[in-house]
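Given next are the chains, with one letter for each unit.
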Protein chains: 2
Amino acid sequence: MKEPNSPDSPLAELCRQRGLKLTGQRRTIAFVLSDSDDHPDVEELYRRAVEVDPRISIATVYRTVRLFEENGILQRRDFGGGRARYEVADGDHGDHYHLIDADSGKVIEFENTELDSLLAGIVRQMGYDLVTTRLSVVGRPKAKSGQRE
Amino acid sequence: MKEPNSPDSPLAELCRQRGLKLTGQRRTIAFVLSDSDDHPDVEELYRRAVEVDPRISIATVYRTVRLFEENGILQRRDFGGGRARYEVADGDHGDHYHLIDADSGKVIEFENTELDSLLAGIVRQMGYDLVTTRLSVVGRPKAKSGQRE
DNA sequence: GTACGTGCAAAAGTTTTGCCTCGCC
DNA sequence: GGCGAGGCAAAACTTTTGCACGTAC
């Protein structure tokens, strides 16, 4: 399903850099993740992976996201709804944050350097070095005339 | 187990204000929650509730925290670990935030008005009214000489 | 060749639900 | 007294795991 000499996805490269064994399944999952700019849960990831390579089991997807998370490649998120969702981890600085539309549930990403430094400052003052930030604000679209639920 | 004329806990009062039927079990759970300043999961809540009134089932605890959450009395939190955890909801302003100690897993609450207004401003600029903020920063205690992993 | 990864299916863990009884308003 | 709440146990769901086999290095 993939050309033997198609270049590996960025995440697959990252895997290799971390010294993880690069199996076909991991390559596929890494590709699917590199290709996603949303926040899929495991079920959804599995669905996308199977389209690339049908010989993947959901157990492998679970095992792989866990492995990737432990290696700092992925970050697990909880947006409610009972299932863990995943996204590619940010670099060391410039974390991004999530705004969740209270009406539609849609997740909107944003960045803000002022927020970055304020948070870093607060944490430092409390005697800690910042490792990760998990921030999601839930918001309701500002009322405009004629708008409805 | 409780005096018939012992005053209701603040949360039980809140229940009544919201027009929720105030049963013995709900009163107990409200009491336990009012009495807690940490972030118990359902299992832990159940444990505490049973000590106050042994004729409570865990299904009721699940049903009650869900009801309380839907009514803005409780907020569900995810600090990792697979179980939802709960805390009493903040008022309309002055949300509080969580710093999680990366080494011990301990949850430390903090408030910061600068953060409050920065967030409100960001969200407003994106065209939303802020409903809730879920912020937890993971931090590692600042390295001091002689400190070790 | 060996150690580790994977598929399958069963297990484990958390949360929800059906049904009947009980209790609050 | 009626309608919703609760107990109990089963069901539903998500995630993990044991085992036998396959594969990357």
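Refer to the structure printed above.
Before going into details, it helps to say that this report is about the structure given with it. (Residues numbered from 1 in each chain as written. Chains lettered and ligands numbered in written order. Predicted model: local features only at pLDDT ≥ 70, side-chain atom pairs only at ≥ 80, totals over all residues. Heavy atoms only, no water.)

Contacts between chain B and chain A engage 34 residues on the former and 34 residues on the latter. Carbon and sulfur atoms make up 65% of the surface buried where chain B meets chain A, a total of about 3100 Å² over both sides. Three residues, Y128(B), R134(B) and K142(B), lead the burial of chain B against chain A; their summed loss comes to 23% of the area buried on that side. One can count zero salt bridges joining chain B with chain A. Counting the contacts that link chain B with chain A gives 14 residue pairs in polar contact (both at pLDDT 80 or more). Counting residues per element, the ones that place at least two in the side of chain B that touches chain A are β3 (97-101), β4 (107-110), α5 (113-125) and β5 (128-141) of chain B. Per-class residue counts for the side of chain B that touches chain A are 20 nonpolar, six polar and eight charged. (Contact = heavy atoms within 4.5 Å. Buried area = accessible area lost by both parts, 1.4 Å probe. Salt bridge = Lys/Arg side-chain N within 4 Å of Asp/Glu carboxyl O. Polar contact = N/O pair within 3.5 Å; in protein donor to acceptor, adjacent residues only side chain to side chain. Helix = DSSP H or I, 4+ residues; strand = E, 2+ residues; numbered from the N terminus. Nonpolar A, V, L, I, M, F, W, Y, C, P; charged D, E, K, R; others polar.)

All names here are of chain A. For helix α4 (residues 58-70), with 13 residues, the first-to-last C-alpha span of 18 Å sits near the 18 Å given by 1.5 Å per residue. Among the residues making up α4, those that are buried are V61, T64, V65, L67 and F68. The buried residues of α4 all sit within an arc of 160° when viewed along its axis, so they share a single face. Exposed residues pointing more than 90 degrees away from the buried face of α4 are listed as R63, R66 and E70. Positive backbone phi, approximately 70°, marks G72, located one or two places after α4. (Expected span 1.5 Å × (residues − 1). Buried < 20%, exposed > 50% of the residue type's maximum accessible area, 1.4 Å probe, protein only. Arc of directions from axis to C-beta.)

Turning next to the packing of aromatic side chains. Residues and elements named next belong to chain A. The final tally for this structure, using the stated rule, is two aromatic pairs over all chains. Between the aromatic rings of Y97 and F110, the centroid separation amounts to 5.7 Å while the plane-to-plane angle is 45°, which identifies the pairing as tilted. Here F110 lies in strand β4 (residues 107-110) and Y97 lies in strand β3 (residues 97-101), a separation of 13 residues in the sequence. Each member of the pair Y97 and F110 is classed as buried. (Phe/Tyr/Trp six-rings, centres within 6.5 Å; stacked < 30°, edge-to-face > 60°.)

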